[in-house]
Amino acid sequence: MKLERARLGVNIDHVATIRNARGGVHPDPAKAAAIAQAAGADGITIHLREDRRHIRDADLDAVRAAVNLPINLEMATTDEMLAIALAYKPHAACLVPERREERTTEGGLDVARLHNQVEPFVRALRDGGSRVSLFIEPSKVQIAVAEAMGAPVVELHTGKYVELVFAGDHAAAGEELNRLREAAAYGHEKGIEIHVGHGLTYDTIRPVAAIPEVRELNIGHFIMGEALFVGLDAAVRRMRHEIDLARGNA
Ligand code: PXP
């Protein structure tokens, strides 16, 4: 079975995490973006967090100058981030939940509960020329609300699926994979572009990448971890290959 090629967005946040561990300028996230581009990434994803724990404001322009790939800016629904995004005008703006005390983005943005808070951000970013994506749990309710808000893209949170695989709970992982499949089909039917991301690894990517409606996969932490062993170029190429294998494009 041959499916339409899916894009790989490489999240370079954790290059900045290592840099910030020591301060200074090394390793440079913009250099990582350029290497990811040369290795076959279709986009660069960065998350400017409120606490600037990895990507910092100055990285935004530096990353843009280093590549000619679309940039996907992940951001919380705060006035500060909205002002930055409207000035930066990323190709895509992905709205994510954010809590200072969390280690990473835990769970999707509950757009059903937070409708009144999120909707003005969708409108403002869309009017500002960015393609808005909502990072949500794979649930029909969340997708229906995303549709009602006029979001052109949703990114389905794959973190739970990955966790279940690594916990060895194959029955529950299978159920979660089915939720991802059903949500992808439902969103696609509604005309929403389907992205996926969070926690994906070589061992977990194939069933997710094989979901026909998936158009883009955003992957960061695992690629950067592998890059320590094999180099960033090889890690990106291997992930790209895994996606192509899963979709019958290799
Ligand atoms: N997609 C979104 C919306 C995210 O918040 C993250 C983590 O920043 C990712 C994808 C990438 O997740 P990971 O770093 O676990 O691959």
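Anything mentioned here points back to the structure above.
Residues numbered from 1 in each chain as written. Predicted model: local features only at pLDDT ≥ 70, side-chain atom pairs only at ≥ 80, totals over all residues. Heavy atoms only, no water.

Asks: Talk me through the pattern of salt bridges; I want residue IDs and the actual numbers.
Replies: Evaluation of the coordinates by the stated rule reveals 19 salt bridges. A salt bridge links Lys190 to Glu147; the shortest N-O distance between them is 3.8 Å. Of this pair, Lys190 sits in the loop between α8 (170-189) and β7 (193-197) while Glu147 sits in helix α6 (residues 140-149), and the two are 43 residues apart along the sequence. The exposure class assigned to Lys190 is partly exposed, which follows from its relative accessible area of 30%. A salt bridge links Asp233 to Arg237; the nearest nitrogen and oxygen atoms lie 2.8 Å apart. Taken together, the residues span about one helical turn, with Asp233 and Arg237 both in helix α11 (residues 232-246) at a distance of four residues. Members of the salt-bridge network, linked through shared partners, are Arg5, Asp42, Arg240 and Asp244. (Salt bridge = Lys/Arg side-chain N within 4 Å of Asp/Glu carboxyl O. Helix = DSSP H or I, 4+ residues; strand = E, 2+ residues; numbered from the N terminus. Buried < 20%, exposed > 50% of the residue type's maximum accessible area, 1.4 Å probe, protein only.)

Asks: How would you explain the site of the ligand if you had to name every residue and give the values?
Replies: Around the ligand, a shell composed of 13 residues is seen, among which Glu74, Glu155, Gly199, Gly220 and His221 lie nearest. Within the contact set of the ligand, an oxygen atom lies 2.7 Å away from a backbone nitrogen or oxygen of Gly220. Between the ligand and His221, the relevant distance is 2.8 Å, taken from an oxygen atom to a main-chain nitrogen or oxygen of the residue. Compared with its free state, where it exposes 400 Å², the ligand has 95% of that area covered by protein. (Near = heavy atom within 4 Å. Polar contact = N/O pair within 3.5 Å; in protein donor to acceptor, adjacent residues only side chain to side chain. Areas by Shrake-Rupley, 256 points an atom, 1.4 Å probe, with all protein chains shown as cover.)

Asks: Can you tell me about helix α3 (residues 57-66), naming the residues and giving the values?
Replies: The α-helix winds at 3.6 residues per turn, so residues separated by three or four positions along the chain end up facing the same way. Among the residues of α3, Asp59, Leu60 and Val63 are the ones counted as buried. All buried residues of α3 project into a common sector of 110 degrees when viewed along the axis, lining one side. Looking at α3, the residues exposed on the side facing more than 90 degrees away from the buried face are Ala58, Asp61 and Ala65. Looking at the packing, one finds that the buried side of α3 touches α1 (13-22), α2 (29-38), β2 (43-47), β3 (71-75) and α4 (79-88). (Arc of directions from axis to C-beta. Contact = heavy atoms within 4.5 Å.)

Asks: An account of the pairing of β7 is requested, with residue identities and associated values reported.
Replies: The buried fraction of β7 amounts to five of the five residues, a majority that puts the element mostly inside the structure. Every second residue of β7 is oriented toward a common face, with Glu193, His195 and Gly197 on one face and Ile194 and Val196 on the other, all of them buried. Examined bridge by bridge, strand β6 (residues 153-157) and β7 share five bridges and lie parallel to one another. If you follow His157 over to β7, its bridge partner there is Gly197. When β7 meets strand β8 (residues 214-219), the two strands line up parallel, connected through four bridges. Across the sheet, the residue bridging to Val196 is Leu217, located in β8. (Pairing = 2+ DSSP bridges.)

Asks: Account for the packing of aromatic side chains, with residues named and values stated.
Replies: Taken as a whole and judged by the stated rule, the model has one aromatic pair. Seen in terms of ring centroids, Tyr202 and Phe222 are 4.8 Å apart; in terms of plane orientation they differ by 80 degrees. Their pairing is edge-to-face. Here Tyr202, found in the loop between β7 and α9 (205-209), pairs with Phe222, found in helix α10 (residues 221-230); they are 20 residues apart in sequence, far enough to count as distant. With a relative accessible area of 11%, Tyr202 lands in the buried category. Taking relative accessible area as the criterion, Phe222 reaches 23% and is therefore assigned partly exposed. Of note, Arg64 hangs over the ring of Tyr88, and the distance from its end group to the ring centre comes to 4.0 Å. (Phe/Tyr/Trp six-rings, centres within 6.5 Å; stacked < 30°, edge-to-face > 60°. Lys NZ or Arg CZ within 6 Å of the ring centre and 35° of its normal.)

These results come straight from atomic positions and should not be treated as a statement about function.
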